[in-house]
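Architecture at a glance
Below, each chain spelled out in residue letters.
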Amino acid sequence: MRMTLKGARVIDPASQRDENVSVHIQDGRILALGNAPTGFTAERLLDCSGLVIAPGLVDLACALREPGFGRKGNIASETLAAAAGGVTSLCCPPFTRPALDTPAVAELILDRAREAGHTKVFPLGALSKGLAGEQLAELVALRDAGCVAFTNGLTQFQHIRTLRRALEYAATFNLTVVFTSQDRDLAEGGLVHEGPAAAFLGLPGIPETAETVALARDLLLVEQTGVRAHFSQLTSARGVEMIAQAQARGLPVTADVALYQLILTDEALHSFSGLYHVQPPLRSSSDREALREAVRAGVIQAIASHHQPHEGDAKRAPFGATEAGISSAELLLPLALTLVQDGLLSLPQLLERLSLGPAQALKLSAGKLGIGEAADLVIFDPESCTVAGERWFSKGENCPFMGHSLPGAVRYTLVDGHISYQR
């Protein structure tokens, strides 16, 4: 389809474009910006006056729950939820059943994502077989099946020597490894950040050192092996400082933060609601401020939803018996716009952390709005608002922001020039 989008403010962090121009789309790609090419006639004209057009958001961590956890979500429901949040490309973690440790599982996910057609999906493969941390998964075969990076999540390798060998192997084939650094022994039995809130509530804590001790180990292994590394779900001020020092030394290191970590702190736990049970845990207000400053400075170049949908029963229990995670993908843009509202970031800076930054971190072909690029776009109204939960596509309603009025509203999400979501 040939389409013209006119009257909008077009923001593209990759080219630093920020101006009112028309966008002309043909064969799923951006044909021209500004005046229409000679002979071009649009089959569909969208009047986008008062709206913003930006590269579609790139979410580096969005659990789709399929295969294996259909009661929590599936590829069709969760990619539609992501599209409603302005996402056009997402990475799904390998925490499925069976784990994403074989090409067959990767191909199943990619086939079902194509059938749904809501977003592009880039699977993250398991770094170890069954995510057990004992034997290396078939990384090259997984890469050839479409996996863009590899992770073991919060599951620690049984032996650090095995992890070192895995990183050496990944480095040999120029593969990216995604770390979520948390020391198993220091975190064992913990539920929340170890601090005054945990003491007041009588909940077992996870100290900051659970992150920083593991992070120090992982950074040293990255330096020794030369593997390209992405550190996911940073939570602490000291962890941010360590990442900044590694980047200053020239290590090939990038990082992301869960959006909810930039908004919430462990003070939210005073309600004892399982909706605030996440792993790694919500930390202190000083940690949150350090994370926000790292996003502003670019030490953390990507903001991700870390969307983890759950069925209702998973959160209807005493805090310690609930499952960790927040369903948030379809609020990614409106929640992120609160950072602009707070004066932390300009709108172009925010869009960079949500599109170009994540795409560059994992070397994805996404996050740009230029001539010849795929027409993966989000079109939103910055002056409107979104009431969380008013429309809800995810099968997981485990979201602490339900009922909140959030800035901005996604009007259209386009994937390869086709409208995958329209409000």
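If you're wondering where the values come from, they're calculated on a predicted model, not measured in any experiment.

Calculation notes
Residues numbered from 1 in each chain as written. Predicted model: local features only at pLDDT ≥ 70, side-chain atom pairs only at ≥ 80, totals over all residues. Heavy atoms only, no water. Helix = DSSP H or I, 4+ residues; strand = E, 2+ residues; numbered from the N terminus. Rg over C-alpha atoms; globule rule 2.2 N^0.38 Å. Buried < 20%, exposed > 50% of the residue type's maximum accessible area, 1.4 Å probe, protein only. Contact = heavy atoms within 4.5 Å. Areas by Shrake-Rupley, 256 points an atom, 1.4 Å probe, with all protein chains shown as cover. Pairing = 2+ DSSP bridges. Axes fitted to C-alpha atoms, helices over the stretch in contact; angles between N-to-C directions. Disulfide = S-S within 2.5 Å. Phe/Tyr/Trp six-rings, centres within 6.5 Å; stacked < 30°, edge-to-face > 60°.

Things to note about the overall build of the protein
In terms of regular secondary structure, the protein is built from 12 helices and 20 strands. Relative to its length of 423 residues, the protein is compact, with a C-alpha radius of gyration of 21 Å against a globular reference of 22 Å. Across its three principal axes, the protein shows a C-alpha extent of roughly 65 × 45 × 45 Å. The burial tally for the protein puts 60% of its 423 residues in the buried class. Sequence-distant contacts in the protein: of pairs separated by 6 or more residues, those separated by 24 or more amount to 74%. Just so you have it, the protein exposes about 16000 Å², and 48% of that area is on carbon and sulfur atoms.

Observations regarding the sheet that holds strand E2 (residues 9–12)
Strand order in the open sheet formed by 6 strands is E3-E2-E7-E18-E19-E20, and the pairing between neighbours is mixed. Each end of this open sheet is capped by a strand with a single partner; those strands are strand E3 (17–20) and strand E20 (418–422). Mean inter-strand twist for the sheet, computed between neighbouring axes without regard to direction, equals 25 degrees. With 2 bridges connecting them, E2 and strand E7 (residues 52–55) associate as parallel partners. Residue Arg-9 lies in a different strand from E7, and its bridge partner there is Val-52.

Points about the sheet that holds strand E12 (residues 176–179)
Read from one edge to the other, the open sheet built from 8 strands follows the order E8-E9-E10-E11-E12-E15-E16-E17, with strand pairing classed as parallel. Lying at the two open borders of the sheet, with one neighbouring strand each, are strand E8 (57–59) and strand E17 (302–304). Taken over all neighbouring pairs, the strand axes of this sheet differ in orientation by 25 degrees on average, direction set aside. Across 3 bridges, strand E10 (residues 120–126) lies against strand E11 (residues 149–151) in parallel orientation.

Considering the state of the cysteines
Taken as a whole and judged by the stated rule, the model has 0 disulfides. Cys-92 supplies the cysteine sulfur nearest to Cys-62, a cysteine that is in no disulfide, at a spacing of 8.3 Å. Overall, Cys-62 belongs to the buried group, its relative accessible area being 0%. In this model Cys-385 remains outside any disulfide bridge; the closest cysteine sulfur is found in Cys-399, 16 Å from its own.

Overview of the packing of aromatic side chains
Enumeration according to the criterion identifies 3 aromatic pairs in this entry. Plain terms: the ring middles of Phe-179 and Phe-231 are 4.9 Å apart, the flat faces sit at 10 degrees to each other, and that makes the pair stacked. A residue pair is termed long-range when its members are at least 10 positions apart, and Phe-179 in strand E12 and Phe-231 in strand E15 (residues 228–231) qualify at 52 residues. Across the pair, Phe-231 and Phe-179 agree in class, each one buried. Between Phe-393 and Tyr-421, the ring centres sit 6.0 Å apart and the planes meet at 80 degrees, which makes this aromatic pair edge-to-face. Here the residue Phe-393 occupies a position in the loop between strand E18 (377–387) and strand E19 (405–415), and Tyr-421 occupies one in strand E20, the gap between them amounting to 28 residues. By relative accessible area, which is 8% here, Tyr-421 ends up buried.

Looking at the environment of Gln-279
By secondary structure assignment, the location of Gln-279 is in the loop between strand E16 (253–258) and helix H9 (285–297). Residue classification places Gln-279 among the buried positions, given a relative accessible area of 16%. With 45 residues separating them in the primary sequence, Gln-279 and Ala-324 have C-alpha atoms 6.0 Å apart.

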